[in-house]
Amino acid sequence: MISPSEPTQVNVQASQLELRRMRSQDVPEVMEIESVSFGRHHWSDDSFYNEMNNQVGRYYALIHQDVPKLVGYLGFWLIADESHITTVAVRPEYRGNALGELMLVQSLERCMGSSIHWVTLEVRVTNYNAQNLYYKYGFASVGVRPKYYQDNQEDALIMTTPDINSADYRKLYNKLKGELEARLGGLPRGFGM
Ligand SMILES: CC(C)(COP(=O)(O)OP(=O)(O)OC[C@H]1O[C@@H](n2cnc3c(N)ncnc32)[C@H](O)[C@@H]1OP(=O)(O)O)[C@@H](O)C(=O)NCCC(=O)NCCS
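Everything quoted here is computed from the prediction, not taken from an experiment.

Novice: Whenever I open this one, the site of the ligand confuses me. Can you help?
Specialist: Near the ligand you find 22 residues, and of these V88, V90, A98, N127 and K136 are the closest. At 3.5 Å, a backbone N or O of L99 approaches an oxygen atom of the ligand. Measuring from an oxygen atom of the ligand, one finds a side-chain N or O atom of R183 at 3.0 Å. For the ligand, whose free accessible area comes to 910 Å², the fraction covered by protein is 74%.

Spelled out as structure tokens, the structure:
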């Protein structure tokens, strides 16, 4: 089990990381991160097994190769012209290393230049760290789903990007991706796949 309280931070660079599609063997490690990240509202292991067979779902795992250890994951659905991010989390001791950002960029990269124009998600109204990440990437808050989270009846903010294929968005994205690459010393193996 991993502890949510003040873990020793681990710093990683792109050369130590791999991004790849999530596999069913990953689910036990995903569940470790899930339970410390989302408390009582977290998904079950069956949800992940089912999602990996969901035709519209795309689930990625971020691996720290030297250990090896699964340090984060992200999933999204592709429906018509929209991508809906269903989950994203980073192992607590790996947070603050731009890995959440890396996985968000992976999902944007996979959608750009395709028929997908908008990326949306729900986030707890009090989850300011995640909201900051989404604001950084041009998401705007476009509505509220009242009492969306059943554990404490918390509202969800609905956040969405502008058209990710617009010239303005591409400009923002390319700037941020360049900064991310500089921070991580490159992009990991498997990025964009
Ligand atoms: C949200 C989460 C995925 C972010 O991952 P992370 O790897 O720690 O974050 P990053 O290092 O990539 O940070 C990227 C941006 O997010 C925001 N952010 C992340 N942590 C933050 C913090 N502690 N305080 C303020 N902003 C923060 C910042 O905008 C940051 O950009 P910056 O580095 O230029 O300031 C991670 O905190 C997590 O797993 N949280 C629990 C699960 C969760 O809430 N998922 C989101 C559900 S909607």
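Novice: Is there a simple way to explain the side chain of T160 in this structure?
Specialist: Inspection of the secondary structure assignment puts T160 in strand β7 (residues 154–160). A distance of 3.2 Å separates a polar atom in the side chain of T160 from the backbone oxygen of V119.

Novice: Teacher, can you tell me more about the environment of E181 here?
Specialist: Residue position: E181 is located in helix α5 (residues 167–184). Spatially, the C-alpha atoms of E181 and E109 are 13 Å apart, while their sequence positions differ by 72 residues. Look past the residues within four positions of E181 in its chain and what remains in contact with it is G186 and L187.

Novice: What is the right way to read the pattern of salt bridges from this model?
Specialist: Working definition: two side chains of opposite charge can pair if their charged atoms are close together. Inspection of the entire model under this criterion finds eleven salt bridges. Across the pair E93 and K69 runs a salt bridge whose closest N-O atoms are separated by 3.7 Å. In this pair, E93 sits in the loop between β4 (82–90) and α3 (99–111) while K69 sits in strand β3 (residues 69–79), placing the two residues 24 residues apart along the sequence. E93 gets classed as buried once you look at its relative accessible area, which sits at 11%. Taking the shortest distance from any N to any O, the salt bridge between R124 and E154 comes out at 3.1 Å. Of this pair, R124 sits in strand β5 (residues 118–124) while E154 is found in strand β7, placing the two residues 30 residues apart along the sequence.

Rules used in this analysis
- Residues numbered from 1 in each chain as written.
- Predicted model: local features only at pLDDT ≥ 70, side-chain atom pairs only at ≥ 80, totals over all residues.
- Heavy atoms only, no water.
- Near = heavy atom within 4 Å.
- Polar contact = N/O pair within 3.5 Å; in protein donor to acceptor, adjacent residues only side chain to side chain.
- Areas by Shrake-Rupley, 256 points an atom, 1.4 Å probe, with all protein chains shown as cover.
- Helix = DSSP H or I, 4+ residues; strand = E, 2+ residues; numbered from the N terminus.
- Contact = heavy atoms within 4.5 Å.
- Salt bridge = Lys/Arg side-chain N within 4 Å of Asp/Glu carboxyl O.
- Buried < 20%, exposed > 50% of the residue type's maximum accessible area, 1.4 Å probe, protein only.

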